[in-house]
Amino acid sequence: MTATPNQEQVIDYDKYLDFVYKTTSAPSTDSNVLKERIDGLVEEGSADVPRLITAAFGLSAEAGEFTEIVKKILLQGKPYSEENIFHMKRELGDIMWYMAQACMALDTTFDEVLKMNYEKLSARFPEGYFDVYRSENRKTGDV
């Protein structure tokens, strides 16, 4: 399916759906397998599944709401006004609420997460400033 710049690439939709089906994990397609996975994690005591789910869904949704406001300001002419700044701050507050859920689920604190982030970025950018090359070409283990 390689195409040259002047050649239009056609993808067979049914073949693509078959590919998606085959490359999807069982817990993603079968609610009984998902329930078994969740029950196993809960029984092990290794994960606070309800809080992880709450945090993951909530962070994604609230980040989307924040992004929607920014998108409308930058791309659709919405004013950068006190009202919209207030709205973005409120969405950041919602993000922080879900961040707290994630911290509780992971038995950590905001301080520990901030420290880990600082250490990761300090190792990536040892001169103390952003560098495009280092941003795109990371050392093994730098995620």
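Provided above is the structure to which this section pertains.
Summary of the structure given here. Computed from a predicted model, the values in this text were never measured in an experiment. (Residues numbered from 1 in each chain as written. Predicted model: local features only at pLDDT ≥ 70, side-chain atom pairs only at ≥ 80, totals over all residues. Heavy atoms only, no water.)

## Points about the overall build of the protein
Next up, step 1: A count of helices and strands for the protein gives seven helices and zero strands.
Next up, step 2: Of the regular secondary structure in the protein, the N- to C-terminal order runs α-α-α-α-α-α-α.
Next up, step 3: For the protein, the spread of C-alpha atoms along the principal axes amounts to about 55 × 50 × 40 Å.
Next up, step 4: Scored against the burial criterion, the 143 residues of the protein give a buried share of 15%.
Next up, step 5: Look at the contacts in the protein between residues 6 or more apart in sequence, and 37% of them connect residues 24 or more apart.
Next up, step 6: Working note: accessible area of the protein is about 11700 Å², and carbon and sulfur atoms make up 58% of it. (Helix = DSSP H or I, 4+ residues; strand = E, 2+ residues; numbered from the N terminus. Buried < 20%, exposed > 50% of the residue type's maximum accessible area, 1.4 Å probe, protein only. Contact = heavy atoms within 4.5 Å. Areas by Shrake-Rupley, 256 points an atom, 1.4 Å probe, with all protein chains shown as cover.)

## A few points about the packing of aromatic side chains
Next up, step 1: Applying the stated criterion across every chain yields a total of three aromatic pairs.
Next up, step 2: Ring geometry for W97 versus Y98: centroids 4.9 Å apart, planes at 85 degrees, classification edge-to-face. (Phe/Tyr/Trp six-rings, centres within 6.5 Å; stacked < 30°, edge-to-face > 60°.)

## Overview of the side chain of N84
Next up, step 1: Take N84: it is sitting in helix α5 (residues 82-105).
Next up, step 2: Contact partners of N84, with chain neighbours within four places excluded, come to I69, I73, K78 and P79.

## Quick look at the pattern of salt bridges
Next up, step 1: One pass over the structure, following the stated rule, counts eight salt bridges.
Next up, step 2: Across the pair D48 and R51 runs a salt bridge whose closest N-O atoms are separated by 3.6 Å.
Next up, step 3: With relative accessibility at 27%, the residue D48 sits in the partly exposed group.
Next up, step 4: Of the residues examined, R51 reaches a relative accessible area of 30% and is grouped as partly exposed. (Salt bridge = Lys/Arg side-chain N within 4 Å of Asp/Glu carboxyl O.)

## Brief notes about the packing of helix α4 (residues 49-75) against α5
Next up, step 1: In the contact formed by α4 and α5, the axes pass within 8 Å of each other and the chain directions differ by 160 degrees. In this view, α4 runs roughly antiparallel relative to α5, as classed from their interaxial angle. The handedness of the crossing between α4 and α5 is left-handed.
Next up, step 2: Across the contact of α4 with α5, the residue classes break down as 17 nonpolar, five polar and five charged. (Axes fitted to C-alpha atoms, helices over the stretch in contact; angles between N-to-C directions. Parallel < 35°, antiparallel > 145°, perpendicular 65-115°, else oblique. Left-handed = near helix turned anticlockwise from the far one by under 90°. Nonpolar A, V, L, I, M, F, W, Y, C, P; charged D, E, K, R; others polar.)

## With respect to α4
Next up, step 1: Helix length check: α4 (27 residues) gives 38 Å between terminal C-alpha atoms against 39 Å at 1.5 Å per residue, within 8%.
Next up, step 2: If you check which residues of α4 are buried, you get V49, A55, G58, E62, I69 and I73.
Next up, step 3: Considering only its buried residues, α4 is in contact with α3 (31-44) and α5. (Expected span 1.5 Å × (residues − 1).)

## A short note on unusual backbone geometry
Next up, step 1: Although it is not a glycine, D107 sits at a positive phi angle of roughly 50 degrees.
Next up, step 2: Checked against the element boundaries, D107 lands in the loop between α5 and α6 (110-124).

## A few points about a nonpolar patch on the surface
Next up, step 1: On the surface, I11, Y13, Y16, L17, F19 and V20 cluster together into a nonpolar patch covering about 610 Å² of accessible area.
Next up, step 2: Within the element layout of this structure, I11 appears in the segment before α1 (13-22). (Patch = residues over 30% accessible without salt bridge, like charges linked within 9 Å, V, L, I, M, F, W, Y side chains within 5 Å.)

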